[in-house]
Structures are given as structure tokens and as C-alpha cells.
Amino acid sequence: LEFHHGALLFPMQIEKPSPLFEIVESLIWPNSLIGWLTAALLSLGSLFLYAEFGKFLNDYVQISNWEMTQGYIITESLDGNKISIEYKYKIGGDDFIGNKIGVSRREWHDVSGKQASNFKHIYENSIPISIKYNPNRKTDAVYDFNSDDVFFGIISILPPTILFILFATVFIKKIKRRFEN
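All figures in this text were calculated on a predicted structure; none of them were measured in a lab.

### With respect to the nonpolar core
Here is step 1 of the chain: In this structure, I85, Y87, Y89, F119, I129, I131 and Y143 are the most contacted members of the largest nonpolar core, which totals 17 residues.
Here is step 2 of the chain: For this core, the secondary structure elements donating two or more residues are β4 (82–91), α3 (113–124), β7 (129–134) and β8 (137–143).
Here is step 3 of the chain: When residues of this core are assigned to their parent elements, the largest contribution, five residues, is made by β4.

Written as C-alpha cells, this is what we have:
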């Protein structure tokens, strides 16, 4: 094919898609209304996941800059694999009570059997725990139970990110092929 613009000729080459690209295209490109609806729902789900991860990452960065103190678990309650606790911590001679756990600042946290027994051991033996608190609002505190939560968040957004990149690549190549024909 040649594209004529005024007196200039621009030869254009049509790329033949690689076999790997054709396989990926056949797997992810929607070919029916149901396929397009599924793609739309997955896209909306991915957007929701990205928004939640963005909020989580913002909280993680914010909490990582908070002050650290020690506290003690004063009550613990285990319901299946969910635990809730209350802890007492001291800042500048003042006592505070909190119940938020981890970056997500929930009042309960999913735990394994081993983690549950560790909580029980900490509670029964009055072992100090790490509490992070907002220096501007000392009642805003979290038990810094699992600061590795951010890695789970990163892993959870990898599949939709990879799928988005593949879908965008297929979409761009399909548009490019349409204009070349």
C-alpha cells in the first residue's frame, strides 16, 4: 500500500500479527454481546480495585509517617478467624484506648490459627505491642500488626493490570490494522 499526500509517496507496510499475538487476541478479545458485557464488568471491577488500592496505599504512606509508641492489649475476642482487640497506649503521660488494627484501620482482622494463638499469648502475658498514632490527633491510632499488607495489595492488582495491558495492546493493533486496510 502507498499513501499519496501531494507529490510525496509514503510506502506503508502491513505487519502480519505473530502467532502468539493471534492466540492472545483470540483469548481476550470479546466476540459477542456477552463477551463485551463481561469485558465491561471486568473493567468496572478493575477500576474499583484500583480505587481501593489507591486508598489503601494512601493510608499506608500516611500511617508509615506516624509516631510509634508501645501499648498493651486489654481485651481480645476471637470469632472464627477474625480477631478484635482493644489496646491501651500512653503518650506524654496521657492514656488512650484504641481498637483499630493494621493499615486498613479495621476493628477486626482476619488471622490464621497461629496468629490467633500469638494474639492470645501477647494478651495473657501483657507483652508490649507497637502502636502507631497520628501526632496531630493522638486518638487516631492503629496496632501495627502487619505492615506487609501492602504487598498483598500489589499482588492483587497485578492480574487486572496485566489483562489491561494485553487488552490495550490488542485494541491498538486492531485499530491500527483497520486504518491500514
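### Quick look at the packing of aromatic side chains
Here is step 1 of the chain: Taken as a whole, this structure holds three aromatic pairs when the rule is applied.
Here is step 2 of the chain: Judged by centre distance (5.5 Å) and plane angle (20°), the ring pair of Y89 and F96 falls under stacked. Per residue, the accessibility class of Y89 equals that of F96, and both read buried.
Here is step 3 of the chain: With centroids separated by 5.8 Å and ring planes inclined at 75°, the aromatic side chains of F119 and Y143 adopt a geometry described as edge-to-face. With a gap of 24 residues between them, F119 in helix α3 and Y143 in strand β8 connect regions that are remote in the sequence. Of the two residues examined, F119 and Y143, each falls in the buried class.
Here is step 4 of the chain: Ring pairing ties together the aromatic residues Y87, Y89 and F96, which thus form one cluster.

### Here we look at the environment of D144
Here is step 1 of the chain: Topologically, D144 is positioned in the loop between β8 and α4 (149–180).
Here is step 2 of the chain: Along the chain, D144 and I63 lie 81 residues apart, while their C-alpha atoms are 9.2 Å from each other.
Here is step 3 of the chain: Once residues within four sequence positions are removed from consideration, D144 is found in contact with M68, S130 and K132.

### What about the pattern of salt bridges?
Here is step 1 of the chain: Applying the stated criterion across every chain, the model contains six salt bridges.
Here is step 2 of the chain: The salt bridge involving D59 is made with K55; its shortest N-O contact spans 3.8 Å. Taken together, the residues D59 and K55, both in helix α2 (residues 33–64) and four residues apart, mark about one turn of the helix.
Here is step 3 of the chain: A residue is classified by how much of its surface remains accessible, and D59, at 12% relative accessible area, is buried.
Here is step 4 of the chain: Between K88 and D95 there is a salt bridge, with its nearest N and O atoms 3.9 Å apart.
Here is step 5 of the chain: Bridged by salt links that share partners, the residues K88, K90 and D95 form one connected network.

### Re the side chain of K132
Here is step 1 of the chain: Take K132: it is sitting in strand β7.
Here is step 2 of the chain: Polar side-chain contacts of K132 include one of 3.3 Å to the backbone oxygen of S64.
Here is step 3 of the chain: Leave out the neighbours within four places in its chain, and K132 touches I63, S64, W66, E67, M68, D140, A141, V142 and D144.

What counts, and at which threshold
Per chain, residue numbering runs from 1 following the sequence as it is written. Local features are withheld for residues below a pLDDT of 70 in this predicted model, meaning they are given only at 70 or higher, and side-chain atom pairs are given and counted only at 80 or more; totals for whole chains, interfaces and linings count all residues. Calculated side-chain values reflect all of the structure's heavy atoms, with hydrogen atoms and water omitted. Grouping buried Ala, Val, Leu, Ile, Met, Phe, Trp, Tyr and Cys residues that are joined through side-chain atoms within 4.5 Å yields what is termed a nonpolar core. Here's how the labels work: a residue is buried when its accessible area is under 20% of the maximum for its type, exposed when over 50%, partly exposed in between, all with a 1.4 Å probe on protein chains only. We count a stretch as a helix when DSSP gives it H or I for four or more residues in a row; a strand needs E for two or more, and each element gets its number in order from the N terminus. Here the aromatic set is Phe, Tyr and Trp, taking the six-membered ring for Trp, and pairing holds for ring centres within 6.5 Å; pairs whose planes are under 30 degrees apart are stacked, those over 60 apart are edge-to-face, and all others are tilted. When checking whether two residues touch, look at their non-hydrogen atoms; a contact exists if any pair is within 4.5 Å. Salt bridge, as applied in this entry: a Lys or Arg side-chain nitrogen positioned within 4 Å of an Asp or Glu carboxyl oxygen. Under this definition, polar contacts are N or O atom pairs within 3.5 Å; protein pairs additionally need one hydrogen-donor-capable and one acceptor-capable atom, and for neighbouring residues in sequence, both atoms have to be side-chain atoms.

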